[in-house]
Amino acid sequence: LSIPLFDGGRRRAVVASAQADYQSALASWRQGVRDAVKEVEQALVNLNGVAYRSERAALAAREYRTYFDATEVRWRAGSVSLLTLEEARRSALSSQIDHITLQRDQVQYWIALYKAVGGGWTLGDETMPDQEHAAPGEVR
């Protein structure tokens, strides 16, 4: 028969330590949830903003392309200078580059959202799931 009558408060200290460990783990878990929600919200906000800007950039790119085409016709007719034509070309290319940059950002934000919701993201995984078993030259 072994009954500890006096252990110097060791059992109470063990219980208090276990409760403190639990509280610490709970706080860490809650912070992880907050961080995950923050990442998802940020990715959604970024996607919303870039979608709006991308629409506007696409419209601008089309309009600048139309302006360039009209300027080119006028240049061929001799009514505008080569400098004006090249300025129109530069504006059209610049707006197209802006649109492509926004499309790239949109893809990056989709990836961030996928990662934030736990989409099975691994840093070193560069193969697509359907590409692993594809025959050479076959695209799935």
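Structure: above.
Definitions and cut-offs
- Residues numbered from 1 in each chain as written.
- Predicted model: local features only at pLDDT ≥ 70, side-chain atom pairs only at ≥ 80, totals over all residues.
- Heavy atoms only, no water.
- Helix = DSSP H or I, 4+ residues; strand = E, 2+ residues; numbered from the N terminus.
- Buried < 20%, exposed > 50% of the residue type's maximum accessible area, 1.4 Å probe, protein only.
- Contact = heavy atoms within 4.5 Å.
- Areas by Shrake-Rupley, 256 points an atom, 1.4 Å probe, with all protein chains shown as cover.
- Expected span 1.5 Å × (residues − 1).
- Salt bridge = Lys/Arg side-chain N within 4 Å of Asp/Glu carboxyl O.
- Patch = residues over 30% accessible without salt bridge, like charges linked within 9 Å, V, L, I, M, F, W, Y side chains within 5 Å.

**Section: the overall build of the chain**
When its secondary structure is counted, the chain shows two helices and zero strands. Out of the 140 residues in the chain, the part that is buried amounts to 15%. Within the chain, contacts between residues separated by at least 24 positions form 61% of all contacts whose residues are at least 6 apart in sequence. Carbon and sulfur atoms form 58% of the exposed surface of the chain, whose accessible area is close to 11300 Å².

**Section: helix H2 (residues 82-116)**
Between its first and last C-alpha, H2 extends 51 Å over 35 residues, near the 51 Å set by a 1.5 Å rise per residue. Of all the positions in H2, only Leu85, Ala88, Ser91, Ala92, Ser95, His99, Leu102, Asp105, Leu113 and Ala116 are classed as buried. Here the buried face of H2 lies against helix H1 (10-77). Glycine 118 sits one or two residues past H2 and shows a positive phi near 80 degrees.

**Some thoughts on the pattern of salt bridges**
A side chain of one charge can pair with a side chain of the opposite charge if their charged atoms are brought near each other. Overall, the coordinates contain four salt bridges when judged by the stated rule. Between arginine 65 and aspartate 69 there is a salt bridge; the shortest N-O distance is 3.5 Å. Of this pair, arginine 65 and aspartate 69 both sit in helix H1, four residues apart, which is roughly one turn of that helix. Relative accessible area serves as the criterion here: at 33%, aspartate 69 is assigned to the partly exposed category. Ionic pairing is found between glutamate 86 and arginine 89, a salt bridge with its closest N-O pair at 3.1 Å. In this pair, glutamate 86 and arginine 89 both sit in helix H2, three residues apart, roughly one turn of the helix. Accessibility expressed as a relative area gives 36% for glutamate 86, which makes it partly exposed. Accessibility expressed as a relative area gives 31% for arginine 89, which makes it partly exposed.

**Looking at a nonpolar patch on the surface**
A cluster of nonpolar side chains, contributed by Trp29, Val33 and Val37, occupies part of the molecular surface with about 300 Å² of accessible area. Here valine 33 is to be found in helix H1.

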